[in-house]
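What follows is each chain in one-letter form.
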Amino acid sequence: MLDPVYAIASYVRLRDMNLRIGSQWLISVNDGEFTMPKSFLGDERAHDLLAGPDGEAHLPIGCFLLPGDDPVLVDAGLGPDWVAPGMLQGGDLLNGLRQRGFAPEDIRTVCLSHLHADHVGWIATKNAGVTFPNAQVYVARADYDHFVTSEQGPLPMPWVKEALVELLRIGRLTLFDGEQLLATGVTALPAPGHTPGHTVYVIHDDGERALLFGDAIYCPQQLSRTDWESMSDVDPVLARRTREVLWRELEGTGTVGTGAHFPGLVAGRVLSGAWQQA
Ligand SMILES: [Zn+2]
């Protein structure tokens, strides 16, 4: 029996994880698995809600593809070269893209929500270097400053850090501040707290909108339980305020939202205080 406060955040899986936003398709691609520690969201009831039959909360490591003339990838997974044993395992992104008919060289834009390891891993690999040779990469300046320039945050993949520095040097990495239109139908919206430059990407076309929450929100229940703080929030107070803002962005607006670790990479809408199927 669910606590009623959680039950308002029920949702239904979308068919094939493909969403239509105006004339634009939005396709989820999973790079691997995040096994969420029991106390990760502070309240162990959060873990229990997300746990499977084995008692573990197996969450995806989500990336999102916008196909079209100039394909856009939002987030770059954990990649194949680094694991956090028992917690993070990745490496499936390129297979997922291939299954959908896309090679790495087809990707023209890569938008990163933030620079934690499970969102930036495929930017470069140990053996093959930069993964997306024709892409312009975008990340908020505040995250680059935090994780790369000042090394205040952990980025446990030196080859990724080196690639980001090199991409910036040759003009293939763009650092941005504030709200920015980065590609046709893709706008960066500052959503700080989880990391200093954490960014939500708004996909918009023909009056319809989807929000890609990154790690600002880990699960649908956290939309209403804004007090559930993630262990990895750099600034928990600001992260909570951001969740409250995102709830208001969704509530009653018809806007669709999904997060990088939402179970099944489902998306949904918030209608009159309840999260419902998109
Ligand atoms: Zn993450």
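Note that the coordinates shown come from a computational prediction; the quantities given were computed from them, not determined experimentally.

Definitions and cut-offs
- Residues numbered from 1 in each chain as written.
- Predicted model: local features only at pLDDT ≥ 70, side-chain atom pairs only at ≥ 80, totals over all residues.
- Heavy atoms only, no water.
- Salt bridge = Lys/Arg side-chain N within 4 Å of Asp/Glu carboxyl O.
- Helix = DSSP H or I, 4+ residues; strand = E, 2+ residues; numbered from the N terminus.
- Buried < 20%, exposed > 50% of the residue type's maximum accessible area, 1.4 Å probe, protein only.
- Donors = N, O, S within 2.8 Å, 3.2 Å for Na, K, Ca; no water.
- Tetrahedral: all angles 85-135°; square planar, octahedral: opposite > 155°, others 65-115°.
- Contact = heavy atoms within 4.5 Å.
- Phe/Tyr/Trp six-rings, centres within 6.5 Å; stacked < 30°, edge-to-face > 60°.
- pLDDT = per-residue confidence, 0-100.
- 1 Å grid on protein atoms, 1.4 Å probe; cavity = no way out; pocket = protein on both sides within 12 Å on 5 of 7 lines; lining within 4 Å.
- Points joined across faces, edges and corners; volume = space filled by probe spheres on them.
- Nonpolar A, V, L, I, M, F, W, Y, C, P; charged D, E, K, R; others polar.

Caption draft 1: Highlighting the pattern of salt bridges. For the structure on display, the rule yields nine salt bridges. Of the charged contacts in the structure, one is a salt bridge between Glu-151 and Lys-161, with a shortest N-O distance of 3.6 Å. Residue Glu-151 is located in the loop between α5 (141–149) and α6 (158–169), and its partner Lys-161 is located in helix α6; the two are separated by ten residues in the primary sequence. For Lys-161, a relative accessible area of 17% corresponds to the buried category.

Caption draft 2: Broad picture of the coordination of the zinc ion. In this structure, Asp-118 (OD), His-119 (NE2), Asp-215 (OD) and His-261 (NE2) serve as the protein donors to the zinc ion, at separations of 2.1 Å. Around the zinc ion, the four donor atoms sit at angles spanning 86 to 158°, and that spread fits a shape best called irregular.

Caption draft 3: Quick peek at α5. Those residues of α5 lying buried are Asp-143, Tyr-144, His-146, Phe-147 and Val-148. Where α5 is buried, its residues meet β9 (136–140), α6 and β10 (173–176). Immediately beyond the C-terminal end of α5, within one or two residues, lies Glu-151, with a positive phi of roughly 50°.

Caption draft 4: Representation of the packing of aromatic side chains in the model. In the structure shown here, the tally under the stated rule is four aromatic pairs. Judged by centre distance (5.1 Å) and plane angle (75°), the rings of Phe-40 and Tyr-218 are edge-to-face. Highlighted residues: Phe-40 in the loop between β2 (24–36) and α2 (44–50) and Tyr-218 in the loop between β14 (208–212) and α7 (221–224), separated in sequence by 178 residues. Neither residue differs from the other here; Phe-40 and Tyr-218 are each classed as buried. Centre to centre, the rings of Phe-213 and Phe-262 are 5.8 Å apart; their planes meet at 45°, and the pair counts as tilted. With Phe-213 in the loop between β14 and α7 and Phe-262 in the loop between β15 (256–258) and β16 (268–271), this pair connects stretches of sequence that are 49 residues apart.

Caption draft 5: Structural view of the confidence of the model for the chain. Per-residue pLDDT for the chain averages 90, and the proportion of residues at 70 or more is 91%. Taken as a whole, residues 1–16 scores under 50 in pLDDT and shows 34 contacts with residues more than four places along the chain or in a different chain.

Caption draft 6: Molecular detail of empty space enclosed by the protein. The final tally for this structure, using the stated rule, is two cavities of 30 Å³ or more. Roughly 30 Å³ of internal volume is contained in the second largest cavity. Every residue lining the second largest cavity is listed: Ile-123, Val-130, Thr-131, Phe-132, Ala-135, Val-137 and Leu-167. When its residues are assigned to classes, the lining of the second largest cavity shows six nonpolar, one polar and no charged.

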